[in-house]
Amino acid sequence: AITAGDFHHRHTPSNMADGADDAERLAIIRHLILSAPDAELSQVVNDVKVLVVDDALLDRSLPGLLREYHTEHLTVAKLPDDSKLVLSRFNYKDGEEFVDYAGKRVVTFDAVHASVANVRNADASELHGAGEAEGLRSEVQSALDEYVRGKYPHGAGSTSISADGSTVYVTISSIISNIANCYTGKWRSLWNVSRDGTVKGLMRAQAHYFEKRNVQLVSKKEHQGQADSATGRAIIAAITQAESAFFAE
């Protein structure tokens, strides 16, 4: 995958502007930002600012692109009480707001500064699902917390519920960063869990090495399986088995 550093060596700011309309320039900007390795986003954004001569275009597009980045990359937001929330399309509400189902809160996340700007209590209407759906989500979150503590001590896991209450979503995100030794790594997975215990997910591992060469590796795998029972512990056991098998490949 191309990074802004690669692009910077091959294109000057004038090259990027000449012969390209706003839509083409925006497509280039979007590709560079969304390809940024985790823990290196700010460096890539700074490179993009050098490349783009149209400040107005960047100012208009950057907040939305960064929100897309944090949502797709499952950025972990650190809340004022030291708890963590994995940001995703599953718990995105609107604007800058994400729903924390476990804490029954709505979190305002400033995508440009990658920080939590506000936390408020959620209204009942903002928490999808009730009864059986919420009961399953709570069970899954409890088992997920235990799994993440053991497997991804630097990461986080979050759960949410679909609008119709039929699906519990599980997101897991963990990052290892050692800029001084020229590497970063990221694990992220997204899971759809049906009430009957069917588990469908996408796992993605990303690594970036840049000591002497600029190499970025992204590996992903889809999985579908069935938990032994429709309980939180059985569902996380099925996810654990799938992720362990992917790590072993």
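Going by the structure above, here's the rest.
> What exactly am I supposed to notice about the environment of C182 here?
Topologically, C182 is positioned in the loop between β8 (167-178) and β9 (183-194). By relative accessible area, C182 is classed as buried at 18%. Put simply, C182 and N214 are 32 residues apart on the chain and 9.6 Å apart in space, counted from C-alpha to C-alpha. Setting aside residues no more than four positions away along its own chain, C182 makes contact with H208, Y209, F210 and E211.

> What should I look at first to understand the pattern of salt bridges in this one?
Note on pairing: side chains with opposite charge can pair once their charged atoms come close. Throughout the structure, instances matching the rule amount to 14 salt bridges. Close ionic contact of R233 with E146 constitutes a salt bridge, the shortest N to O distance being 3.4 Å. Linking R233 in helix α7 (residues 232-248) with E146 in helix α6 (residues 132-151), this pair joins segments that are 87 residues apart in sequence. Taking relative accessible area as the criterion, R233 reaches 57% and is therefore assigned exposed. Overlapping salt bridges, with partners in common, bring together K93, D94, E97, R120 and E126 in one network.

> I would appreciate a short explanation of helix α4 (residues 41-51) in the present structure.
Three- or four-residue spacings in an α-helix give side chains the same orientation, since the helix completes a turn every 3.6 residues. Those residues of α4 that sit buried are L41, V44, V45, V48 and L51. Axial view of α4: buried residues confined to an arc of 115°, hence all on one face.

> Would you take a moment to explain the packing of α4 against helix α5 (residues 55-72) for this structure?
When two helices pack together, their arrangement is given by the angle between their axes and by how far apart the axes lie. Between α4 and α5, the shortest axis-to-axis distance is 13 Å and the interhelical angle comes to 155°. In terms of orientation, α4 lies roughly antiparallel with respect to α5. In the packing of α4 onto α5, the handedness of the crossing is right-handed. Residue-level inspection shows L41, V45, V48 and K49 of α4 in contact with α5, the latter providing L58, L62, L66, Y69 and H70. Here the residues of the contact of α4 with α5 are counted per class, giving 7 nonpolar, 1 polar and 1 charged.

> How should the sheet that holds strand β7 (residues 156-161) be read in this particular structure?
Think of a sheet as strands paired side by side through backbone hydrogen bonds, with each pair either parallel or antiparallel. Taking strand neighbours across the sheet as the criterion, the 5 strands line up as β7-β8-β9-β10-β11 in an open arrangement whose pairing is antiparallel. Either end of the sheet is taken by a strand with one partner, and the two such strands are β7 and β11 (215-226). Taking each pair of neighbouring strands and ignoring which way they run, the sheet shows an average axis angle of 10°. The pairing of strand β10 (residues 198-209) with β11 spans 12 bridges and is classified as antiparallel. By the bridge assignment, T198 is partnered in β11 with Q226.

> Could you clarify how one ought to interpret a nonpolar patch on the surface in this entry?
A contiguous nonpolar patch, built from I176, Y183, Y209 and V215 and spanning about 380 Å² of accessible area, is present on the exposed surface. Using a relative accessible area of 41% as the deciding quantity, one classes V215 as partly exposed.

> What is the right way to read the packing of aromatic side chains from this model?
Remark: the centre distance and the inter-plane angle together describe each pair of aromatic rings, the angle taken between the planes. Enumeration over the complete set of coordinates arrives at 7 aromatic pairs. Ring geometry for Y147 against Y152: centres 5.8 Å apart, planes inclined by 85°, an arrangement best described as edge-to-face. Take Y147 and Y152: they sit in the same class, and that class is buried. Centroid distance Y152 to F247: 6.5 Å. Interplanar angle 45°. Geometry classified as tilted. Highlighted residues: Y152 in the loop between α6 and β7 and F247 in helix α7, separated in sequence by 95 residues. Residue class for F247 comes out partly exposed when judged on its relative accessible area of 42%.

Conventions we followed
Residues numbered from 1 in each chain as written. Predicted model: local features only at pLDDT ≥ 70, side-chain atom pairs only at ≥ 80, totals over all residues. Heavy atoms only, no water. Helix = DSSP H or I, 4+ residues; strand = E, 2+ residues; numbered from the N terminus. Buried < 20%, exposed > 50% of the residue type's maximum accessible area, 1.4 Å probe, protein only. Contact = heavy atoms within 4.5 Å. Salt bridge = Lys/Arg side-chain N within 4 Å of Asp/Glu carboxyl O. Arc of directions from axis to C-beta. Axes fitted to C-alpha atoms, helices over the stretch in contact; angles between N-to-C directions. Parallel < 35°, antiparallel > 145°, perpendicular 65-115°, else oblique. Left-handed = near helix turned anticlockwise from the far one by under 90°. Nonpolar A, V, L, I, M, F, W, Y, C, P; charged D, E, K, R; others polar. Pairing = 2+ DSSP bridges. Patch = residues over 30% accessible without salt bridge, like charges linked within 9 Å, V, L, I, M, F, W, Y side chains within 5 Å. Areas by Shrake-Rupley, 256 points an atom, 1.4 Å probe, with all protein chains shown as cover. Phe/Tyr/Trp six-rings, centres within 6.5 Å; stacked < 30°, edge-to-face > 60°.

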